[in-house]
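# Overview (structure and organization)
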Amino acid sequence: MARAGVRGIPAGAMWIVAVGVASALHVGKLPPALPVLARELGVTLVQGGFLLSLIQLAGMTLGAMLGQVADRLGPRRVMLTGLLVLAVASATGALAPTPVWLLGTRAVEGVGFLMAVLPAPGLIRRLVSQPTLLARALGWWGAYMPMGAALGLLLAPWGYAAWGWRPMWALLAGVAALGAWVVARQVPADGPAQGGTAALRAAWGGLRQTLAAPGPWLVALAFGVYSGQWLAVVGFLPTLYTQAGWPLWWVGSASALAAGVNLVGNIVAGRLLAQGWPVRRLLWLGYGAMAVGALGTFTAPAPLAYGAVLVFSALGGLVPGTLFALAVRLAPSPTTVSTTVGWVQQLSSLGQFVGPPLVAWWAARVGGWQWSWLFNAACCALGGGLAVALHARWQRAQTAPQRGG
């Protein structure tokens, strides 16, 4: 089929992961910019929370529908379009004179980001047919966000200090455009796009089929309670550490490492699923580590608090690494994979949209971050309950190879 990539995974699948990382740079570029934007544009703490979460607005409202578009028009076409939208929005954001302008371009970035990453699991499934390799490939895909966010958190502070935030955002627009070129060269073309009245009826039917199945709902809810708390913690680390008086270079490096270690859990989850580990065990371990890690992050002394956030992110990565595999496996049919992933993205985005502003509001209300862990504890308790239902669905799907949900 395709050239071998990482340990037998086709190269095309790994290129898709690389493009996802490039897209996630646009998530990671913002947290280090918040202190700079507060100084230059007067962005408040709550506005900063919405800047962190606005990139998820499109996913929160359009995820399932855009997933169905990807299923009908072709996932590669949709990914290419999304990368170009992301490039244009980032370049326009670099010109922002006010917080309102920046908020608007951030929302458009969200549309491009969603279109770029939503079709990826379906494309990977198309390229990787062997089940154990597919589980490992989706584990790598689950790591695209922490890898991209970590690179953004690591490199952005240096770029902001050397050139300013505007040139850096323009540079990242070029990275998104480069990603479009990579997809055009390295990912096989889609078949003919479906159009006309029949395609619209099929799209509506695929959307109804997805939303009528319990599997996509369970995966989406579990992802929502994970993603909202992860972004609320990692997204505010630069602000938290800057307020504590840490040097700028250490703030960037420490925040990048905290985001980057999340990839460990994602990749390990794919391997453990391939080896037959129970879904329930992986999710309980991930959510449990996040609850304990969040408590330490917000209440422990500085060195222990940083160790706690590393545990929070690294073992928390078991959750998305498991859920991406579940989303593909529990889709009601092969023609609704992108739609299922879109619905998962929709509730994941809802969590990321609500989480950071809610935590910021709570911290401002109580006069500090010391009680912010309560939000994480509630999310993890809900996730632990969903893990039981997901485990049952996964076991049922294992005995019905041609079915999902």
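Here, the structure is the one placed above.
Residues numbered from 1 in each chain as written. Predicted model: local features only at pLDDT ≥ 70, side-chain atom pairs only at ≥ 80, totals over all residues. Heavy atoms only, no water.

### Structural notes on the overall build of the protein chain
Counting secondary structure elements, the protein chain contains 20 helices and zero strands. For 405 residues, the compact-globule formula gives about 22 Å, and the C-alpha radius of gyration of the protein chain, at 20 Å, lands near that figure. In terms of its C-alpha atoms, the protein chain occupies a principal-axis envelope of roughly 55 × 40 × 40 Å. When contacts within the protein chain are restricted to residue pairs at least 6 apart in sequence, long-range pairs at least 24 apart make up 85% of them. Within the structure as shown, the protein chain displays about 15400 Å² of accessible surface, and the carbon and sulfur contribution to it stands at 70%. Looking at charge distribution, the protein chain has the averaged site of its 23 positive side-chain charges lying 14 Å from that of its 4 negative ones. (Helix = DSSP H or I, 4+ residues; strand = E, 2+ residues; numbered from the N terminus. Rg over C-alpha atoms; globule rule 2.2 N^0.38 Å. Contact = heavy atoms within 4.5 Å. Areas by Shrake-Rupley, 256 points an atom, 1.4 Å probe, with all protein chains shown as cover. Lys, Arg positive; Asp, Glu negative; His and termini not counted. Charge placed at Lys NZ, Arg CZ, Asp CG, Glu CD.)

### So, the nonpolar core
Residues Leu323 and Leu390 are the most contacted members of the largest nonpolar core, which totals 119 residues. No other element matches the 11 residues that helix α12 (residues 214-234) contributes to this core. If you look at the next biggest cluster of nonpolar residues, it comprises seven residues, including Ala58, Leu66, Val78 and Met115. (Core = buried A, V, L, I, M, F, W, Y, C linked by side-chain atoms within 4.5 Å. Buried < 20%, exposed > 50% of the residue type's maximum accessible area, 1.4 Å probe, protein only.)

### Points about the packing of helix α7 (residues 120-127) against helix α8 (residues 131-142)
Packed helices, taken two at a time, are described by the angle their axes make and the gap between the axes. Between α7 and α8, the shortest axis-to-axis distance is 10 Å and the interhelical angle comes to 150°. With respect to each other, α7 and α8 are oriented roughly antiparallel. Handedness of the crossing formed by α7 with α8: right-handed. Residues Ala120, Pro121, Ile124 and Arg125 of α7 touch α8, and the partners they reach there are Leu134, Ala137, Leu138 and Trp141. Tallied by class, residues from the contact of α7 with α8 come to seven nonpolar, no polar and one charged. (Axes fitted to C-alpha atoms, helices over the stretch in contact; angles between N-to-C directions. Parallel < 35°, antiparallel > 145°, perpendicular 65-115°, else oblique. Left-handed = near helix turned anticlockwise from the far one by under 90°. Nonpolar A, V, L, I, M, F, W, Y, C, P; charged D, E, K, R; others polar.)

### Observations regarding the pattern of salt bridges
Side chains that carry opposite charge are capable of pairing whenever their charged atoms lie near each other. A complete count under the given rule lists two salt bridges for this structure. Where Lys29 meets Glu109, a salt bridge forms, and the shortest distance between an N and an O atom there is 3.0 Å. You can see Lys29 sitting in the loop between α1 (11-28) and α2 (34-41) and its partner Glu109 sitting in helix α6 (residues 99-117), a full 80 residues away along the chain. Here Lys29 matches Glu109 in class, with each residue buried. Across the pair Arg106 and Glu109 runs a salt bridge whose closest N-O atoms are separated by 2.9 Å. Here the residue Arg106 and the residue Glu109 both occupy positions in helix α6, the gap between them amounting to three residues, near one helical turn. Of the residues examined, Glu109 reaches a relative accessible area of 0% and is grouped as buried. Among the charged side chains, a network of salt bridges with common partners joins Lys29, Arg106 and Glu109. (Salt bridge = Lys/Arg side-chain N within 4 Å of Asp/Glu carboxyl O.)

### Describing the packing of aromatic side chains
In the structure shown here, the tally under the stated rule is nine aromatic pairs. With centroids separated by 5.1 Å and ring planes inclined at 80°, the aromatic side chains of Trp165 and Trp169 adopt a geometry described as edge-to-face. Taken together, the residues Trp165 and Trp169, both in helix α10 (residues 165-186) and four residues apart, mark about one turn of the helix. On the accessibility criterion, Trp165 (1% relative accessible area) is buried. Ring pairs connect the aromatic residues Phe223, Tyr226 and Phe324, which therefore count as one cluster. Of note, Arg281 hangs over the ring of Trp277, and the distance from its end group to the ring centre comes to 4.8 Å. (Phe/Tyr/Trp six-rings, centres within 6.5 Å; stacked < 30°, edge-to-face > 60°. Lys NZ or Arg CZ within 6 Å of the ring centre and 35° of its normal.)

### A look at α8
End to end, α8 covers 16 Å across 12 residues, agreeing with the expected 16 Å (1.5 Å per residue, within 8%). Burial runs high along α8: nine of the 12 residues are buried. All of the buried residues in α8 are Leu133, Leu134, Ala135, Arg136, Ala137, Leu138, Gly139, Trp141 and Gly142. Where α8 is buried, its residues contact α1, α6, α7, α9 (144-162), α15 (262-274) and α18 (318-329). (Expected span 1.5 Å × (residues − 1).)

### Structural notes on helix α3 (residues 45-54)
Every buried residue of α3 is listed here: Gly48, Gly49, Leu51, Leu52, Ser53 and Leu54. Each element contacted by the buried residues of α3 is listed here: α2, α4 (57-73), α6, α12 and α19 (337-366).

### A closer look at the environment of Leu103
Tracing the chain through its elements places Leu103 in helix α6. Considering only alpha carbons, one finds Leu103 and Cys379, 276 residues apart in sequence, at a separation of 27 Å. Not counting chain neighbours up to four residues away, the residues in contact with Leu103 comprise Gln47, Phe50, Leu51 and Leu54.

### Quick look at the environment of Trp343
Residue position: Trp343 is located in helix α19. Spatially, the C-alpha atom of Trp343 lies 25 Å from that of Val264, the residues being 79 residues apart in sequence. The contacts of Trp343, once residues within four sequence positions are left out, are Gly63, Ala64, Leu211, Pro216, Trp217 and Ala220.

That's the geometry; what it means functionally is another story.
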